[in-house]
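Now for the letters of each chain:
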Amino acid sequence: MERKKKIVIITGASSGLGQEFAFQLDRIFCNLDEIWLIARRKERLVELSKLLDIQAKIIAMDVTKEQDMLSFKKILETENVSVHMLINCAGYGLMGRFDAIDIEEQLGMVEVNCKALTRLTYDCIPYMCRNGRIIQLASSAAFVPQQNFAIYAASKSYVLSFSRALREELKGKGIWVTAVCPGPVETEFFETAEKYGSTLAVKKLAMVSPQKVVREALSDSYKRKAVSVCSFPMKAFRILTKTVPHGVILNFMGFFH
Ligand SMILES: NC(=O)c1ccc[n+]([C@@H]2O[C@H](COP(=O)([O-])OP(=O)(O)OC[C@H]3O[C@@H](n4cnc5c(N)ncnc54)[C@H](OP(=O)(O)O)[C@@H]3O)[C@@H](O)[C@H]2O)c1
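Residues numbered from 1 in each chain as written. Predicted model: local features only at pLDDT ≥ 70, side-chain atom pairs only at ≥ 80, totals over all residues. Heavy atoms only, no water.

1. A word on the overall build of the protein
For the protein, the count of helices and strands is 10 helices and seven strands. Compactness check: the protein gives a C-alpha radius of gyration of 18 Å against a globular reference of 18 Å for 257 residues, within 12% of the reference. Projected onto its principal axes, the C-alpha positions of the protein cover 65 × 35 × 30 Å. When each of the 257 residues of the protein is scored for burial, the buried share is 51%. Sequence-distant contacts in the protein: of pairs separated by 6 or more residues, those separated by 24 or more amount to 70%. For the protein, the accessible area works out to roughly 12,500 Å², and carbon and sulfur atoms hold 55% of it. Computed over 35 positive and 27 negative side-chain charges, the separation of the two mean positions in the protein equals 7 Å. (Helix = DSSP H or I, 4+ residues; strand = E, 2+ residues; numbered from the N terminus. Rg over C-alpha atoms; globule rule 2.2 N^0.38 Å. Buried < 20%, exposed > 50% of the residue type's maximum accessible area, 1.4 Å probe, protein only. Contact = heavy atoms within 4.5 Å. Areas by Shrake-Rupley, 256 points an atom, 1.4 Å probe, with all protein chains shown as cover. Lys, Arg positive; Asp, Glu negative; His and termini not counted. Charge placed at Lys NZ, Arg CZ, Asp CG, Glu CD.)

2. So, the nonpolar core
Counting residues in hydrophobic clusters, the biggest one holds 30 residues, and the most contacted among them are Val8, Ile10, Phe21, Leu25, Leu37, Ile87 and Ile135. Mapped by element, the contributors of at least two residues to this core are β1 (5-11), α1 (16-28), β2 (34-39), α2 (42-51), β4 (81-88), β5 (128-137) and α8 (210-222). Not counting residues within four places of it along the chain, the set of residues in contact with Phe21 comprises Ile10, Ile87, Cys89, Ile135, Leu137, Val214, Ala217 and Leu218. Core analysis: the second largest hydrophobic core is formed by 25 residues, Trp36, Met61, Val81 and Ile134 among them. (Core = buried A, V, L, I, M, F, W, Y, C linked by side-chain atoms within 4.5 Å.)

3. What about the sheet that holds strand β6 (residues 175-180)?
Picture the strands of a sheet paired through backbone hydrogen bonds; they go either parallel or antiparallel. Strand order in the open sheet formed by seven strands is β3-β2-β1-β4-β5-β6-β7, with parallel pairing between adjacent strands. Strands at the two margins of the open sheet, each flanked by one partner only, are β3 (56-60) and β7 (227-228). Of the pairings in the sheet, the one linking β6 to β7 comprises two bridges and is parallel in character. Its bridge partner lying in β7, Ala179 is registered against Val227. Packing of α1 onto the sheet brings it into contact with β1, β2, β4 and β5, and relative to β1 it is tilted by some 155°. Seen against the sheet, helix α5 (residues 150-170) touches β5, β6 and β7 and runs at an angle of roughly 160° to β6. (Pairing = 2+ DSSP bridges. Axes fitted to C-alpha atoms, helices over the stretch in contact; angles between N-to-C directions.)

4. Focus: empty space enclosed by the protein
Rolled over the atoms, a probe as big as a water molecule pinpoints where empty space is left. Going through the model one piece at a time under the given rule, you end up with one cavity of 30 Å³ or more. Around the largest cavity, the lining residues are Leu94, Gly96, Phe98, Ile101, Gln106, Met109, Phe149, Ala150 and Ile151. Sorting the residues of the lining of the largest cavity by element identifies α4 (103-124) and α5 as the ones contributing at least two each. A class-by-class count of the residues in the lining of the largest cavity yields seven nonpolar, two polar and no charged. (1 Å grid on protein atoms, 1.4 Å probe; cavity = no way out; pocket = protein on both sides within 12 Å on 5 of 7 lines; lining within 4 Å. Points joined across faces, edges and corners; volume = space filled by probe spheres on them. Nonpolar A, V, L, I, M, F, W, Y, C, P; charged D, E, K, R; others polar.)

5. Focus: the pattern of salt bridges
Tallying each qualifying case throughout the model produces 15 salt bridges. Arg41 is the partner of Glu188 in a salt bridge, and the nearest nitrogen-oxygen pair spans 3.5 Å. On the criterion of sequence distance, the pair formed by Glu188 in the loop between β6 and α6 (189-193) and Arg41 in the loop between β2 and α2 is long-range, its members being 147 residues apart. Connected through salt bridges with shared partners, the residues Lys5, Glu34, Lys57 and Glu79 form a single ionic network. (Salt bridge = Lys/Arg side-chain N within 4 Å of Asp/Glu carboxyl O.)

6. Side note on unusual backbone geometry
The phi angle at Asn131 is positive, at roughly 70°, despite the residue not being glycine. For Asn131, a relative accessible area of 45% gives the class partly exposed. Backbone geometry at Arg224 places phi at a positive 60°, although glycine is not the residue there. If you trace the backbone, Arg224 turns up in the loop between α8 and β7.

As structure tokens, then:
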């Protein structure tokens, strides 16, 4: 029987954290056959593939398009693959009041951050190998509701909750799920996020590099941790959201807004 190709799948690979996962995995993995790079901007994926030693498969697709998702499923079915890692990075946020932002753009966050991530995870699980890893990009925004970032924070709470439950379900199959919950990271994320509103200055003080987030996420994933929180301020924020009533935190944040 033909040997299965060992692969890693990364969504949102055209920039930021997805791109950084590709760089770091390229250095770490020595026995991987292919990295599958997914995003809409094909030219970016082509540029990235030229910088990698591991063979890259470029899948330019919009994860919100039914047809693209069906084509991806077909590719999975036809290629003889064993998925060692699925990393769901595709996502975006929009800051601003819920009633002041175009509803379709806001529903798009639910489509990409929640629905597409869920569908891709479902489609990949049958092809995952024992001791495989699923890394889901949530956010520290998942820890508590956030005014002026309401849908984004809610979408990331979904990712965190889903990932933790899925982890328990997949343990028996030897597949380990980690939700990554960074605070602000220096990527193109803010170009979209600040289209209608701006980030609180206090949040930007906690900005970290994508290199640091990805290094910690991979290390936590190998340690089979359920949640990866990279910097000290975000670890402290997480403890705060577990100990202080969320109403109090929301009132306090209202003061800054
Ligand atoms: N940066 C932060 O401060 C931060 C903090 C916490 C969590 N996160 C989360 O981390 C993840 C990665 O964000 P990032 O910081 O790396 O942002 P980024 O640089 O803006 O990257 C977002 C990626 O998502 C892809 N994407 C967006 N919509 C898509 C669609 N419909 N179909 C396919 N791909 C799509 C983009 O590719 P194309 O545009 O080429 O399609 C891009 O590669 C996101 O889930 C984000 O919510 C980010």
